[in-house]
Amino acid sequence: IAGQKLSTIIAGYPWVADWGRDTFIALPGLLLETGRYEEARATLQTFARALRNGLVPNRFDDYDDSAAHYNTVDASLWFIHAAMRYVQSSGDTASWNDWLAEACGRIIRAYSDGTENNIRACEDGLITAGDAGTQLTWMDAKTHGVIFTPRFGKPVEINALWYHALRGMGRLMAPEDAAAAERYNRMAAQVAESFVPCFWNEHLGFLNDTVCPDEAGHWQPDGSLRPNQIFAAALPDSPLPDDLRRKVVEVVGHRLLTPFGLRTLPVDDHRYHGKYLGDQFHRDKAYHQGTVWPWLIGPYAEAVLRTDAFSQRSRAEALRAIEPLLQFMDSRGLGQLHEIHEGDVPHRPVGCPAQAWSVAEVLRVLRLIERGGD
């Protein structure tokens, strides 16, 4: 746009440029908690201009500035989350009314009606996406045609984000468009009614990671214990009742929490990889199979806070969870946090040595702890 400043966020130095999901996961911590509202608005506008069929780009092309890649289901939902947080934090209702609400509405319409990558709302109101040959969530490692963590169907965090987006849109649209607000609230109510029957695994005592269609079209649960379920407990608008939110926090904290973030599988899972070594194929194979991700400490600490109403006890527990990462930033990290750490003790830092969402999520929850609430 001539004469207009646009912005983006680099996901990780030195190897990763500006990715859609990384940008909007990192935006609240990096730009809103630091009062950089102009840059936050410009970043939202950069990606709003690039919306295609309700999809935010997964990434822009490294070699062609005019090209973008749209192989993601979560980037658009994180865009809505960041947009709503921007309006709440900045008070910029003018941008919301002028263009942000329209962009968010386009996303919801596309997801509801169906769009690229087999993304659509099912009869139960939940979002399904992809097929056996796609990798559309943040667990997207693929090398030589091998998808190491196939998560097509109904991923748990996608539907938690979907519910959160619908509830938030219902509130934000109410002053200007009561009919739209009512429509979003009806959609959210259907998602809430479907979420627990679909995802809660009573036998295992935690949420299924995905629910996938088999060859006959029947929905089959994937009961892998993964950290993706923590978003259902962490988001301000949760589709879970309070007792199940607490159970999710308990099992994730007991089996996936490390000093540097959450493991992507527990150590007793037969697929667990405790080391991040070898060529690209073997590193990608380990990437989401036990490797620790610092950015996930953000939703974990937020879930701890929200499930105990930001009590002094929960604030102390959340602070203990992020303290090792704060210490790492002050010492070995030189003010930065790595992309990942190995699953095995002592959790060697690997991957990008400066990762935006790792830093952003620690900063965001530290401010949330200090405020004692939103």
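Reference entry: report on the structure contained in this document. (Residues numbered from 1 in each chain as written. Predicted model: local features only at pLDDT ≥ 70, side-chain atom pairs only at ≥ 80, totals over all residues. Heavy atoms only, no water.)

**A look at the packing of helix α8 (residues 242-255) against helix α10 (residues 297-307)**
Phase 1: Running from N to C, α8 and α10 point in directions that differ by 140°, and their axes come no closer than 10 Å. Our classification of the angle between α8 and α10 gives oblique. For the pair α8 and α10, the crossing hand works out as left-handed. Note on element contacts: α10 touches α8 through Tyr 300, Ala 303, Val 304, Arg 306 and Thr 307, opposite Arg 245, Arg 246, Val 249, Val 252 and Gly 253.
Phase 2: The residue makeup of the contact of α8 with α10, split by class, is 5 nonpolar, 2 polar and 3 charged. (Axes fitted to C-alpha atoms, helices over the stretch in contact; angles between N-to-C directions. Helix = DSSP H or I, 4+ residues; strand = E, 2+ residues; numbered from the N terminus. Parallel < 35°, antiparallel > 145°, perpendicular 65-115°, else oblique. Left-handed = near helix turned anticlockwise from the far one by under 90°. Contact = heavy atoms within 4.5 Å. Nonpolar A, V, L, I, M, F, W, Y, C, P; charged D, E, K, R; others polar.)

**With respect to the environment of Leu 161**
Phase 1: Among the structural elements, Leu 161 can be located in helix α5 (residues 156-173).
Phase 2: Taking the C-alpha atoms as reference, Leu 161 lies 21 Å from Glu 33; in sequence the two are 128 residues apart.

**Brief notes about helix α4 (residues 93-113)**
Phase 1: Of all the bends in α4, the largest measures some 50° and sits at Trp 99.
Phase 2: For α4, the full list of buried residues reads Ser 95, Trp 96, Trp 99, Leu 100, Ala 101, Ala 103, Cys 104, Gly 105, Ile 107, Ile 108, Ala 110 and Tyr 111.
Phase 3: Looking at the buried side of α4, the elements it contacts are α2 (37-49), α3 (75-90), β4 (120-121), β5 (127-128), α5 and α6 (178-199). (Bend = angle between axes of the 7 residues up to and from the residue. Buried < 20%, exposed > 50% of the residue type's maximum accessible area, 1.4 Å probe, protein only.)

**As for the pairing of strand β11 (residues 210-213)**
A regular strand places its side chains so that they alternate between the two faces of the sheet.
Phase 1: Note that strand β8 (residues 154-155) and β11 share 2 bridges and pair antiparallel. From the neighbouring strand, Lys 154 faces β11, where its bridge partner is Val 211.
Phase 2: Inspection of the sheet shows β11 paired to strand β12 (residues 219-222) by 4 bridges, in the antiparallel sense. Bridge pairing in β12 links Val 211 to Pro 221.
Phase 3: Counted between consecutive antiparallel strands, the loop separating β11 from β12 contains 5 residues, among which Gly 217 sits at a positive phi close to 85°. (Pairing = 2+ DSSP bridges.)

**Structural notes on α5**
Phase 1: Taking 1.5 Å per residue as the helical rise, α5 with its 18 residues ought to reach 26 Å, and the 26 Å between its terminal C-alpha atoms agrees with that figure.
Phase 2: Burial of α5 is extensive: 15 of the 18 residues sit out of reach of the surface. (Expected span 1.5 Å × (residues − 1).)

**As for the environment of Lys 275**
Phase 1: Its location among the elements puts Lys 275 in the loop between β14 (261-263) and α9 (280-287).
Phase 2: Between the alpha carbons of Lys 275 and Asn 208 there is a distance of 25 Å; along the sequence they are 67 residues apart.
Phase 3: Not counting residues up to four positions away in its chain, the partners in contact with Lys 275 are Ala 286, Glu 342 and Asp 344.

**Quick notes on empty space enclosed by the protein**
To find leftover empty space, a probe the size of one water molecule is rolled over the atoms.
Phase 1: For the structure on display, the rule yields 3 cavities of 30 Å³ or more.
Phase 2: Counted as a void, the largest cavity has a volume near 170 Å³.
Phase 3: Lining the largest cavity are 16 residues, with Trp 78, His 81, Glu 302, Glu 361 and Arg 364 sitting closest to its centre.
Phase 4: Elements supplying a minimum of two residues to the lining of the largest cavity: α1 (20-32), α3, α7 (230-234), α10 and α12 (356-371).
Phase 5: Here the lining of the largest cavity is built from residues that sort into 10 nonpolar, 1 polar and 5 charged.
Phase 6: Here the second largest cavity defines a volume of roughly 70 Å³.
Phase 7: Forming the walls of the second largest cavity are 13 residues, and the residues nearest its centre are Gln 135, Leu 136, Thr 137, Arg 151 and Phe 152. (1 Å grid on protein atoms, 1.4 Å probe; cavity = no way out; pocket = protein on both sides within 12 Å on 5 of 7 lines; lining within 4 Å. Points joined across faces, edges and corners; volume = space filled by probe spheres on them.)

**As for the layout of surface pockets**
Phase 1: Counted as a void, the largest pocket has a volume near 820 Å³.
Phase 2: Contributing to the lining of the largest pocket are 28 residues, with Val 16, Trp 19, Asp 284, Tyr 287 and Glu 339 lying nearest its centre.
Phase 3: Put simply, the parts of the chain that give the lining of the largest pocket at least two residues each are α1 and α9.
Phase 4: It is α9 that contributes the most residues to the lining of the largest pocket, 4 residues altogether.

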